[in-house]
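Structure assessment
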Amino acid sequence: MGIVTAGKDLKAVRESARIVRKVLSELALFIEPGVTTAEIDALGRRIIEGEGAVPSFLDYNGYPSAVCVSINREVVHGIPSAARKVTEGDIVGIDVGAFKNGYHGDAADTVMVGEVSPEARKLVEITYEARDLGIKAAVAGNCVGDIGHAVQTHVEANGYSVVHQLVGHGIGRKLHESPQVPNYGTRGKGSKLRNGLLLAIEPMVNQGVAEVRFLPDGWTVVTADGKLSAHAEHTIMVNGNEPEILTA
Ligand code: MF3
Ligand code: CO
């Protein structure tokens with residue numbers, strides 16, 4: 001379980017998280033119509049390695065790239081390709097992990113390319129709001145279920161659905177640690193949150209049904225109904241009444 005207390009370890013976590021944020025910021029500026037998803041991955045990888053870090057996702061269970069790029073109906077884990085171009089109106093999920101000095105950072109954004117439909121914009125906005133409400137619930141003494149409850153309530157109140165088949169996670173020396181952090185849940189249920197616990201909170205929000213499928217590439221997750229999906233993720237540390245958002 002990813003508990004950090006202070007000193008050297010916390011410094012390392014903050015550094016990995018800083019690198020992840022730097023990559024996401026630069027990728028958001030880079031993404032425009034005509035850019036390929038392979039170019040997005042290459043730039044992300046170059047920045048991570050330029051910071052003396054290792055891409056957390058590369059070779060993780062055989063994942064072939066440094067950045068996951070998931071467009072429109074793709075929920076998460078899209079594999080970058082030189083044949084896939086971003087186009088005006090797309091919503092593009094970019095998910096980045098960096099490992100340095102023994103610790104991982106992990107975060108994701110959904111970038112709107114040029115003019116997107118009002119429906120797509122609303123979905124993205126609600127996804128960020130849900131993530132931030134989930135983070136607010138991640139305080140010492142609360143439970144994992146409080147996080148999921150906060151996320152799910154906001155998503156469903158807006159007529160969207162949360163993905164159940166994939167979850168957020170503890171993070172630290174390994175990319176995925178306990179506990180799992182579902183984007184649904186019941187208040188007061190699940191393991192108790194303690195100060196210093198590191199979590200990746202990452203709602204995946206679908207415009208239509210909650211069900212997702214895996215493409216034959218073994219990685220890319222898509223909505224079962226082909227409607228849009230958005231994803232936003234931060235690495236945070238539970239810290240009393242206000243979590244520290246490490247990838248802010
Ligand atoms: N943020 C995602 C996760 O935590 C990215 C993992 S991609 C993988 O699950 F290739 F590393 F699996
Ligand atoms: Co994650």
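The text that follows walks through the structure, step by step, so that each part is easy to find.

A short note on the sheet that holds strand β8 (residues 177-181)
What the five strands build is an open sheet, ordered β8-β7-β9-β14-β15; its pairing is antiparallel. Both outer strands of the open sheet, β8 and β15 (244-245), are each paired with one neighbouring strand and no more. The sheet contact formed by strand β9 (residues 198-201) and strand β14 (residues 234-237) spans four bridges and is antiparallel. When the sheet's bridge partners are listed, Ala-200 is paired in β14 with Thr-235.

Overview of the environment of Asn-239
Along the chain, Asn-239 falls in the loop between β14 and β15. Distance from Asn-239 to Phe-30, taken between C-alpha atoms, is 34 Å for residues 209 residues apart in sequence. Excluding anything up to four places from it in sequence, Asn-239 contacts Asn-195 and Glu-244.

Concerning the sheet that holds strand β10 (residues 204-206)
Strand pairing in a sheet is mediated by backbone hydrogen bonds. Such pairs are either parallel or antiparallel. An order of β6-β10-β13 is seen for the three strands of this open sheet, with the pairing classed as antiparallel. Single-partner strands in this sheet number two, and they are β6 (161-162) and β13 (229-231). In this structure, β10 lies alongside β13, joined through three bridges in antiparallel fashion. The partner of Met-204 across the bridge, within β13, is His-231. With respect to the sheet, helix α3 (residues 118-136) is in contact with β10 and β13, its orientation differing from that of β13 by roughly 35 degrees.

Section: the packing of α3 against helix α4 (residues 144-157)
The interhelical angle for the contact between α3 and α4, taken along N-to-C directions, is 155 degrees, at an axis separation of 8 Å. Taken together, the axis directions place α3 and α4 in an arrangement best described as roughly antiparallel. Crossing handedness for the pair α3 and α4: right-handed. Between α3 and α4, the contacting residues are Ile-126, Glu-129, Ala-130, Leu-133 and Gly-134 on the first element and Ile-147, Ala-150, Val-151, His-154 and Val-155 on the second. Grouping the amino acids of the contact of α3 with α4 by side-chain chemistry returns seven nonpolar, two polar and one charged.

Procedures and definitions
- Residues numbered from 1 in each chain as written.
- Chains lettered and ligands numbered in written order.
- Predicted model: local features only at pLDDT ≥ 70, side-chain atom pairs only at ≥ 80, totals over all residues.
- Heavy atoms only, no water.
- Pairing = 2+ DSSP bridges.
- Helix = DSSP H or I, 4+ residues; strand = E, 2+ residues; numbered from the N terminus.
- Contact = heavy atoms within 4.5 Å.
- Axes fitted to C-alpha atoms, helices over the stretch in contact; angles between N-to-C directions.
- Parallel < 35°, antiparallel > 145°, perpendicular 65-115°, else oblique.
- Left-handed = near helix turned anticlockwise from the far one by under 90°.
- Nonpolar A, V, L, I, M, F, W, Y, C, P; charged D, E, K, R; others polar.

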